[in-house]
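Single-letter residue listing:
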Amino acid sequence: MRLYPAIDILGGNAVRLVRGDFDAKKVYDEDPLSAARGWVDAGAEYLHVVDLDGAKRGEPVTLEQLQRIVGESGVPVQYGGGLRSARAAADALNAGAARVILGTVAFTDPDMLGEILDAHGPERILVGVDVRSGCIATHGWAKNTDTLARDAFAELQQRGVRHFVFTNIDHDGMLDGANREEVASVAKAAGEGSVIFSGGIGKLSDLEALASLRDELALDGLTGVIVGTALYEKRFTVAEAKAALA
């Protein structure tokens, strides 16, 4: 399983939120590039970058930051936040993102999702399945829907989506661990595709549990985990996290 240190950008800073609450932010680095360098120097081989300003506005705001991070980190970067048009997705890929993460548009505009998939191929497109109280949340997690996660996975796969990021918003930034049954359910719902898990990782045993569950249930589609607060708070190192996932 791959480790994806998270770099969430808000107001030009690398921050972490609690349960997606923009008013509950903590700044960890005034320069996102500095945060990226730190993770890569510590051994990170992939990065997960989210444009929180873009998620609120509905269009990307931090493409320049993305270019800086891609240009100097030397590792693949997946990027999301406010990518709600074909142009926005193309701009992010042209700025150097290895893959882009679509959220709101995947649930509100099927035709646009199809256009983006056709233009860039399913291997470069991730869809964020972001869940609050079991149902999909959109528009920077500000709006809740009645769509259940399992139904979202099934519909998105029918539209040609193969790769997903799953986030349990209720646990995001809480450091309270991942629910075993939920992880297994999500990995199975992804079918023949892949899913990266996010939300609640707080200690090394959480990562070890994910790796053990993947092996125990042959969840080959569970390919990675995003970790933010726990790394920033030095609960464990990048090297320790990679070893746990291995």
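Remember, it's a predicted structure, so these values are computed and weren't measured experimentally. (Residues numbered from 1 in each chain as written. Predicted model: local features only at pLDDT ≥ 70, side-chain atom pairs only at ≥ 80, totals over all residues. Heavy atoms only, no water.)

The helix and strand tally for the protein chain stands at 11 helices and 12 strands. Against the 2.2 N^0.38 benchmark of 18 Å for 246 residues, the protein chain shows a C-alpha radius of gyration of 16 Å, consistent with a compact globule. Taken along its principal axes, the extent of the C-alpha atoms in the protein chain is 40 × 40 × 30 Å. For the protein chain, long-range pairs separated by at least 24 residues make up 68% of all intrachain contacts whose partners lie at least 6 apart in sequence. Each charge class in the protein chain can be summarised by its mean position, and for the 25 positive and 36 negative side chains these summaries are 1 Å apart. (Helix = DSSP H or I, 4+ residues; strand = E, 2+ residues; numbered from the N terminus. Rg over C-alpha atoms; globule rule 2.2 N^0.38 Å. Contact = heavy atoms within 4.5 Å. Lys, Arg positive; Asp, Glu negative; His and termini not counted. Charge placed at Lys NZ, Arg CZ, Asp CG, Glu CD.)

This part is about empty space enclosed by the protein. Taken as a whole, this structure holds one cavity of 30 Å³ or more when the rule is applied. Approximately 630 Å³ is the volume found for the largest cavity. Around the largest cavity, the lining comprises 44 residues; the ones closest to its centre are His-48, Val-50, Asp-130, Trp-141 and Thr-167. Per-element accounting of the lining of the largest cavity gives the leading share, three residues, to helix 5 (residues 104–108). For the lining of the largest cavity, the per-class residue count stands at 20 nonpolar, 19 polar and five charged. (1 Å grid on protein atoms, 1.4 Å probe; cavity = no way out; pocket = protein on both sides within 12 Å on 5 of 7 lines; lining within 4 Å. Points joined across faces, edges and corners; volume = space filled by probe spheres on them. Nonpolar A, V, L, I, M, F, W, Y, C, P; charged D, E, K, R; others polar.)

This part is about the layout of surface pockets. For the largest pocket, the calculated volume is near 220 Å³. Along the walls of the largest pocket sit 15 residues, with Val-131, Gly-134, Ala-149, Phe-166 and Glu-182 positioned nearest its centre. Those elements that provide at least two residues to the lining of the largest pocket are strand 7 (125–132), helix 7 (149–158), strand 10 (163–168) and helix 8 (180–189). Of all the elements, helix 8 adds the most residues to the lining of the largest pocket, at four residues. Of the residues belonging to the lining of the largest pocket, the class tally is seven nonpolar, four polar and four charged.

So, about the environment of Val-186. Of note, Val-186 is situated in helix 8. Residues Val-186 and Leu-222, 36 residues apart in the sequence, show an inter-C-alpha distance of 8.6 Å. In this structure, Val-186 is in contact with Phe-153, Phe-166 and Val-195, ignoring residues within four places of it in sequence.

For the rest of this paragraph, the subject is the packing of helix 9 (residues 204–216) against helix 11 (residues 238–245). Helix 11 packs onto helix 9 with a crossing angle of 25° between their chain directions and a minimal axis gap of 8 Å. Overall, the two elements helix 9 and helix 11 adopt an arrangement that is roughly parallel. As helix 9 runs across helix 11, the sense of the crossing is right-handed. Along its contact with helix 9, which presents Leu-204, Leu-207, Glu-208 and Ala-211, the element helix 11 presents Glu-240, Ala-241, Ala-244 and Leu-245. Residue composition of the contact of helix 9 with helix 11, grouped by class: six nonpolar, no polar and two charged. (Axes fitted to C-alpha atoms, helices over the stretch in contact; angles between N-to-C directions. Parallel < 35°, antiparallel > 145°, perpendicular 65-115°, else oblique. Left-handed = near helix turned anticlockwise from the far one by under 90°.)

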